[in-house]
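# Summary of the model geometry
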Amino acid sequence: MSSSLPDRAAQLRQIQARRVETRRALVAWLQAGPMMLVFALFFLLPLALVVMVSFWDYNEYEIIPAFTVRGYVESFEGCLAQMPSLCTTLKTYWQTLRLVGMVWAITLVLGFAIAYFLAFHVRDRTWQVALSLLCTIPFWTSNVIRMISWIPLLGRNGVVNRGLVEAGVVEKPLEWLLFSEFAVVLALVHLFTFFMVVPVFNAMLRIDRRLLEAAHDAGASAWQTLWNVVIPLSKPGIVIGSIFVITIVMGDYVTIGVMGGQQIASAGKVIQTRLDALQFPAAAANAVILLVATGLIIAALSRLVDVRKEL
Amino acid sequence: MLRSKLTRRGALGGLAAGTLFAPAVHSQEPKVLRYLGTAVNAGDDISKQCLADTGIKIEYITVTTDDVTKRVVTQPNSFDVLDTEYFSLKKLIPSGNIQPLSARKIKEFNNITPVFTKGELPNGKKIGGQGTAPWKVLYLTGASAKTFSATPTEFVTLIPTVYNADTLGIRPDLIKRPITSWAELLNPEFKGKASILNIPSIGIMDAAMVVEATGQYKYADKGNMTRAEIDLTMKVLTEAKKAGQFRAFWKDFNESVNLMASGETVIQSMWSPAVTKVRSMGIPCTFQPLKEGYRSWASGFCVSKGASGRKLDMAYEFVNWFLSGWAGAYLNRQGYYSAVLSTAKASMAPYEWDYWMEGKPAAQDIKGPDGGLLEKAGSVRDGGSYNDRMGAVACWNAVMDENDYMVRKWNEFIAA
């Protein structure tokens, strides 16, 4: 017996501490487990499959599991050769990014204004809830029905055009109201402003009202308070809302298709056309390109604010 | 073992009893067929009549043309009977996911119109065969073969059911002058008021009709272009798009009706029943015959590779019922054409036959399948008789050898 009693006790304590630690880690893993499993099964695995298939070959009726970069090479076909003018993929992304930019800017201004009104002007909780529910009205019918109903409103012989012609505002019906970039932006804003309202509203609710009073007492004007207090404190909400809007619009092709009369290119539409032609690897390659593009935008946005820290 | 024995007995029983009586051995289980196809043929009237006549319950799986193909290739066990177009066969047959039907078990096979079997009208006149004409892909060399046979065999890829000659739909009240050529589709006069189908393989053929009509180029086969020809055609389309010729492209039956009925478009590629629908809303619309001819399409039935035994017998019973007259008459009254003319004729009133098939003025009011008034007495069908319309077919819906290149060019066209 070389080890003394105190030594032995310390050893035991150490073992016990390690056991507790292991058990704690195990519990943590168990708690995170279900979510991880769902995430792995329904996100990571399909994503890995898409990436894998994007490197496969294909013919008219089947995908061929042989490594090739054909999907990517053909997607960027002519991008160097046609240099001053843009190739199909770059043109498509330029068009998509322009739409994203417009929709984002408008939903940001609108969403911020609505959230501001709800958070600071509506004092009553019940009214706040009721009014935020009002914002969900665009989601009460299906996307398709909602879009079809724009036609009698914005069409050449639609309500708006007839009203304008009768009022003498314009001589001939305005053609750009429907099946145009304007129509696409309008429909997207109509749909997705809500995704900006909710996170911004949520961030605003958590602003300590005493800060606003302090700003007022210190002699700040309403604009100064907005710019120096409200906006900085709403930043996490703005960034989260922006991520929602940008990712949805980047991938949208149904709204852009219907409202743009199928004549406006979008990254999602390229994928759809490829899928319809049974060219799955080419579609997968385009999906990966879209994912990378969207990922870059989100990475840039999350550099503006540490979303996790702010939540 | 038991299964195959039952099948043989079932088949024999079915043959002995004719098509009227279902084989008694199977009567204990409900007869259900899962029917994959587009909305064109998936009518409740047809399934109701079929249930009444044969006891077979049809479960429709209704998707778009492209999705039918996708589903066959990716989920071959999700359907029993497939209703699809002949041009899809170039993708479907090599996939091995469908099986041909045997001509010998189709009662009316020898009465099928020679449009399908020989590429000619019943009166012997040859019709245009550019594109995936049905007679090029009607037969397989064997029961599980993946190659088409140029000569008749027992193994039929698709038992023909319905077909039509498509052309441009126009709004005569808004155009106010005669339209006689495909060239008018891209005529700047209709800037912002034209539309084509948003299915690349069909859209490009309509554009090719225009290119030929304006005398810019003559294709060897509009349904199977070379890369240079695809470039040329897409260039014409792109210029038109940039100049604002198109109001919108449509993909769905109802979209085409909405565009035309609301006056968003005045000239566009269209389907016959869509024209009928616009007209039934009280809005003038003509399925305009054009001097360069029609772009035709045709569809038919085959079965999933998974169908065997009792299901397969049921599929034969259903297909035989479909060709026995009622369904044919129903389709003819919608402005389509049925594959077996003799049985359809027997199921139609003489005045109906004269109007729809002979191109004669209607002796009395023509009613639609729902019983509503379609045309007043005295009116004549657009394009005239069956022989006039089918005889003027210039090309058939197709999948090109250069399909992959064409799809890429289509995306470029959309982005332009």
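Model, not experiment: these values are computed from the prediction.

The partner chain B presents 37 residues to the 33 residues of chain A that form the contact. Run the count over chain A and chain B and you get eight salt bridges. Salt-bridge contacts for aspartate 276 of chain A lead to lysine 70 of chain B; the nearest nitrogen and oxygen are separated by 3.5 Å. For the pair chain A and chain B, the interface holds 21 residue pairs in polar contact (both at pLDDT 80 or more). Mapped by element, the contributors of at least two residues to the side of chain A that touches chain B are helix H2 (70-75), helix H3 (88-121) and helix H12 (267-276) of chain A. Looking at the side of chain A that touches chain B, the element that brings in the most residues is H12 of chain A, giving seven residues. For the side of chain A that touches chain B, the class distribution of residues is 13 nonpolar, 10 polar and 10 charged.

What follows is about the pattern of salt bridges. For side chains of opposite charge, pairing can occur when their charged atoms come near one another. All chains considered together, the criterion is met by 37 salt bridges over all chains. A salt bridge links arginine 177 of chain B to glutamate 184 of chain B, with the nearest nitrogen and oxygen atoms 2.9 Å apart. With a relative accessible area of 12%, glutamate 184 of chain B lands in the buried category. Each of Asp57, Arg70, Glu74, Glu77 and Arg274 of chain A together with Asp404 and Arg408 of chain B takes part in salt bridges that share partners, so that together they form one network.

Residues and elements named next belong to chain A. We note that glutamine 262 has phi near 60°; this positive angle belongs to a residue other than glycine. Mapped onto the fold, glutamine 262 is located in the loop between helix H11 (254-259) and H12. Backbone geometry places leucine 278, a non-glycine residue, at a positive phi of 65°. Following the sequence through the fold, leucine 278 ends up in the loop between H12 and helix H13 (280-304).

Domains assigned within chain A are domain 1 (1-48) and domain 2 (55-310). Taking the mean C-alpha position of each, domain 1 of chain A and domain 2 of chain A sit 43 Å from one another.

Right, let's get into the nonpolar core. The nonpolar side chains of a soluble globular protein tend to be buried with one another. Core analysis: the biggest nonpolar cluster contains 79 residues, and Leu82, Ile98, Ile159, Phe318, Tyr386, Met390 and Trp396 of chain B have the highest contact counts within it. For this core, the element with the most residues is helix H11 (residues 309-322) of chain B, which contributes eight residues. Those residues in contact with tyrosine 386 of chain B that lie beyond four places of it in its chain are Thr113, Val115, Leu121, Pro122, Tyr163, Tyr337, Leu341, Met357 and Gly391 of chain B. Formed by 66 residues, the second largest nonpolar core is a distinct cluster that contains Ala183 and Leu290 of chain A together with Leu197 and Ile202 of chain B.

To continue, consider the environment of phenylalanine 55 of chain A. With respect to the helices and strands, the residue phenylalanine 55 of chain A is situated in the loop between helix H1 (5-54) and strand E1 (57-58). Along the chain, phenylalanine 55 of chain A and leucine 174 of chain A lie 119 residues apart, while their C-alpha atoms are 46 Å from each other.

Residues and elements named next belong to chain B. Here the domain parsing of chain B yields domain 1 (2-164 + 296-343) and domain 2 (168-292). For domain 1 and domain 2, the distance between their C-alpha centres works out to 31 Å. With eight residues of domain 1 in contact, the opposing surface of domain 2 contributes nine residues. Summed over both partners, the interface of domain 1 with domain 2 comes to about 850 Å²; 49% of that surface belongs to carbon and sulfur atoms. Three residues, Asp66, Gln130 and Gly131, lead the burial of domain 1 against domain 2; their summed loss comes to 44% of the area buried on that side. Summed over the shared surface of domain 1 and domain 2, the result is one salt bridge. Residue aspartate 66 pairs with lysine 251 through a salt bridge whose shortest N-O separation is 3.8 Å. Seen at the junction of domain 1 and domain 2, the total is two residue pairs in polar contact (both at pLDDT 80 or more).

Rules and cut-offs
- Residues numbered from 1 in each chain as written.
- Chains lettered and ligands numbered in written order.
- Predicted model: local features only at pLDDT ≥ 70, side-chain atom pairs only at ≥ 80, totals over all residues.
- Heavy atoms only, no water.
- Contact = heavy atoms within 4.5 Å.
- Salt bridge = Lys/Arg side-chain N within 4 Å of Asp/Glu carboxyl O.
- Polar contact = N/O pair within 3.5 Å; in protein donor to acceptor, adjacent residues only side chain to side chain.
- Helix = DSSP H or I, 4+ residues; strand = E, 2+ residues; numbered from the N terminus.
- Nonpolar A, V, L, I, M, F, W, Y, C, P; charged D, E, K, R; others polar.
- Buried < 20%, exposed > 50% of the residue type's maximum accessible area, 1.4 Å probe, protein only.
- Domains from an automatic or database assignment.
- Core = buried A, V, L, I, M, F, W, Y, C linked by side-chain atoms within 4.5 Å.
- Buried area = accessible area lost by both parts, 1.4 Å probe.

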